[in-house]
Amino acid sequence: MNTLEFSVGNAMGHFRKTGGPKGFLWKYALAYALIGIVVQGLSLYLMAPIYGAAFNPIVMEDPDMMDQVMLENMGRVALGYLVSFVFGILMWIMFEAASQRRYMRADGFSLKLGGDEGRLFVVGLFWFGLLILLYIGMFILMMIPMIIGVAAGGDGAMAAGAVAVIVMLAYMVFAIWVAVRFSPAAAMTIRDRKIRFGSAWRATKGKVWTLIGSWLILALIMMAIIFVLYLVFAVTAVLALMPVMQSGSDDPAAILAAFASLGFIIPAIFFGLIYMGLAGIMMHVFGGPAALAAKTDPNWTDTAAINETFV
């Protein structure tokens, strides 16, 4: 059995220490990019009339014309949102299952819809319920000082506003702490082949700040990479749009033609593929710390499951 000590370094680099068939990360990133681009492309196609209106100054300056465009394309736009929502959920459960199978079972890359994915969908519903509860708690806590401030008036209202800000910041820290405590739920669900959520709380005992620290460092690294990528694309986009920008033309047809030119579209597609691939990599890498918390759970005593996982 291959065990790793739970530390910031091991948590950040867990994606490199899973074992299993080689080539997982690039296959994961490529599949995520291609499927993501197809889904985004379909959504953009369905919502094209709205985006076209948004780039048309004549339509944007006429509220009645904009309302007419919205009414004429309401069904198509609703279908676009539905496609994004349904396929977004499917992408999450399929790629999260593939990611956690790698971490917990050292599997090669595979996408499917089966028991693992169904159980992760239920875990996602638990997460949704937890977020709703956290939002309700924040709303209630924010309302209390606001009501007191309105009743007090004058200086009392200012003091209540300051208290509300402090309460909000403290509650945000609390909400993050709670979310981190449940973060290994998906990994534990894949590990045990049973729906796990509440039991994730005990798996993160004494590990919260290590998890937060590893995620902060990973986030900073990823932000730097994304910033460089955006900078390169911005320069390329400006060069492609330079002729219409220099002409000073406000002709909607000329503006749309510039955005439809190969000089803009090809870099945009290339950027989209790289960005979506990086998004897939981030999804997998960011799952590593929580997966390591599940793997180093001191209460994991199912010997059969351990042997099956690490054979």
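Residues numbered from 1 in each chain as written. Predicted model: local features only at pLDDT ≥ 70, side-chain atom pairs only at ≥ 80, totals over all residues. Heavy atoms only, no water.

## Remarks on the overall build of the chain
When you go through the chain residue by residue, the secondary structure sums to 14 helices and 0 strands. In the chain, the succession of helices and strands from N to C terminus is α-α-α-α-α-α-α-α-α-α-α-α-α-α. The proportion of buried residues among the 311 residues of the chain is 38%. In the chain, 74% of the contacts between residues at least 6 apart in sequence involve partners at least 24 apart. Total accessible area on the chain is roughly 17300 Å²; 74% of this is exposed by carbon and sulfur atoms. (Helix = DSSP H or I, 4+ residues; strand = E, 2+ residues; numbered from the N terminus. Buried < 20%, exposed > 50% of the residue type's maximum accessible area, 1.4 Å probe, protein only. Contact = heavy atoms within 4.5 Å. Areas by Shrake-Rupley, 256 points an atom, 1.4 Å probe, with all protein chains shown as cover.)

## Section: the side chain of Thr-189
Locating Thr-189 in the fold gives a position in helix α9 (residues 185–192). The exposure class of Thr-189 is buried, given its relative accessible area of 1%. When residues no more than four places from it in sequence are discounted, the contact partners of Thr-189 are Arg-119, Leu-120, Val-123, Lys-194, Ile-195 and Arg-196.

## A short note on the pattern of salt bridges
Enumeration over the complete set of coordinates arrives at 8 salt bridges. The partner of Asp-192 in a salt bridge is Arg-196, with the nearest N and O atoms 3.0 Å apart. When its relative accessible area of 17% is taken as the criterion, Asp-192 is described as buried. According to the relative accessible area criterion, Arg-196 is partly exposed, its value standing at 26%. Each of Arg-101, Arg-105, Asp-116, Glu-117 and Arg-119 takes part in salt bridges that share partners, so that together they form one network. (Salt bridge = Lys/Arg side-chain N within 4 Å of Asp/Glu carboxyl O.)

## Some remarks on the confidence of the model for the chain
This prediction gives the chain a mean pLDDT of 83; 81% of its residues lie at or above 70. Mean pLDDT in the chain bottoms out at helix α14 (residues 303–310), which sits at 44, and peaks at α9, which reaches 95. Confidence over residues 302–311 falls short of pLDDT 50; this stretch has 11 contacts with residues more than four positions distant or in other chains. (pLDDT = per-residue confidence, 0-100.)

## So, unusual backbone geometry
Among all residues save glycine, negative phi is the norm, and among peptide bonds the norm is trans. Positive phi is not limited to glycine here, since Ala-106 has a value of about 60°. Residue placement: Ala-106 occurs in the loop between α6 (74–105) and α7 (115–152). Assessed through its relative accessible area of 24%, Ala-106 is described here as partly exposed. A positive phi angle, close to 55°, is found at Arg-193, a residue other than glycine. Its location among the elements puts Arg-193 in the loop between α9 and α10 (200–203). Residue Arg-193 is classed as partly exposed on the basis of its relative accessible area, which comes to 38%.

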